[in-house]
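# Structural description and commentary
The primary structure of each chain is shown beneath.
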Amino acid sequence: RDQAHADRAGDFREDKVNVRTSILAAVVVMTAAPFAVAAEPMDPGPGDAPALRECVAGKRTPKAQQDGCFMLIVKRCFAAVGNDYDSTVRDCHRREEAAWDVILNAEYNALREKLADPQKIRLRDQQRAWISKKDRTCNAIYEEFQGTMAYPLMAQCFNKETSQRAIYLINYPH
């Protein structure tokens, strides 16, 4: 703005319009912000991994942990979404898999801190073999089913494999 003409009436009016526009824009942003950042029910949530950990802690055996806790987040996700379309099944399983993966990585890293070097190497090799097996097993589903039906089945497979591995690491014999 040209300082020499700052006292013109039009400049004052322009400032009022700019202030009103700025206030209106701020109100729109503040009221729309909760909706813009609200997560979809199928998006991983910060409470997912703790909910699974709590579930696992309440069970005595790995089998009970798997039977009782696998699909916990998936069921909550289905209820929140309100349908079980292929895309919902896929995305809800991916959400739970992400939570199990958080647990798996935390357990893996905690174990590495406790183990001696030879055991660390063995754990690393086991982990790499498990990743390879999981990928082969779950990706093979596409070869069998192909098309849209394969994706929810693959997501369920990845979720189940990841949950089983996380529970194994939680109960790792050392």
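You'll find the structure just up there.
Quick look at the structure, then. Just so we're clear, the structure is a prediction, and the values are computed from it rather than from any experiment.

## Examining the state of the cysteines
The tally for this structure, following the rule as stated, stands at 3 disulfides. Paired by a disulfide, cysteine 55 and cysteine 69 hold their sulfur atoms 2.1 Å apart. Between cysteine 55 and cysteine 69, the S-S dihedral sits near -95 degrees, and the bridge is therefore left-handed. With cysteine 55 in helix 2 (residues 48–57) and cysteine 69 in helix 3 (residues 62–69), this pair connects stretches of sequence that are 14 residues apart. Overall, cysteine 55 belongs to the buried group, its relative accessible area being 13%. With its sulfur 2.1 Å from that of its partner, cysteine 138 forms a disulfide with cysteine 157. Across the disulfide from cysteine 138 to cysteine 157, rotation about the S-S bond amounts to roughly -80 degrees, and the bridge is consequently left-handed. Taken as a pair, cysteine 138 in helix 6 (residues 117–145) and cysteine 157 in helix 7 (residues 147–170) lie far apart in primary sequence, 19 residues in all.

Scoring rules and cut-offs
Residues take numbers from 1 onward in each chain, read along the sequence in its written order. Per-residue local features are limited, in this predicted model, to residues with pLDDT of at least 70; the limit for side-chain atom pairs, both in listing and counting, is 80 or more; totals at the level of whole chains, interfaces and linings are taken over all residues. To obtain the side-chain values, all non-hydrogen atoms of the structure were included, while hydrogens and water were left out. In this description, a disulfide is simply a cysteine sulfur pair whose atoms lie within 2.5 Å. In DSSP terms, a helix is any run of H or I states spanning at least four residues, a strand is any run of E spanning at least two, and both are numbered starting from the N terminus. A 1.4 Å probe rolled over the protein chains alone gives each residue an accessible area, and that area as a share of the maximum for its type sets the label: buried under 20%, exposed over 50%, partly exposed in between.

Keep in mind these values describe shape, not function.
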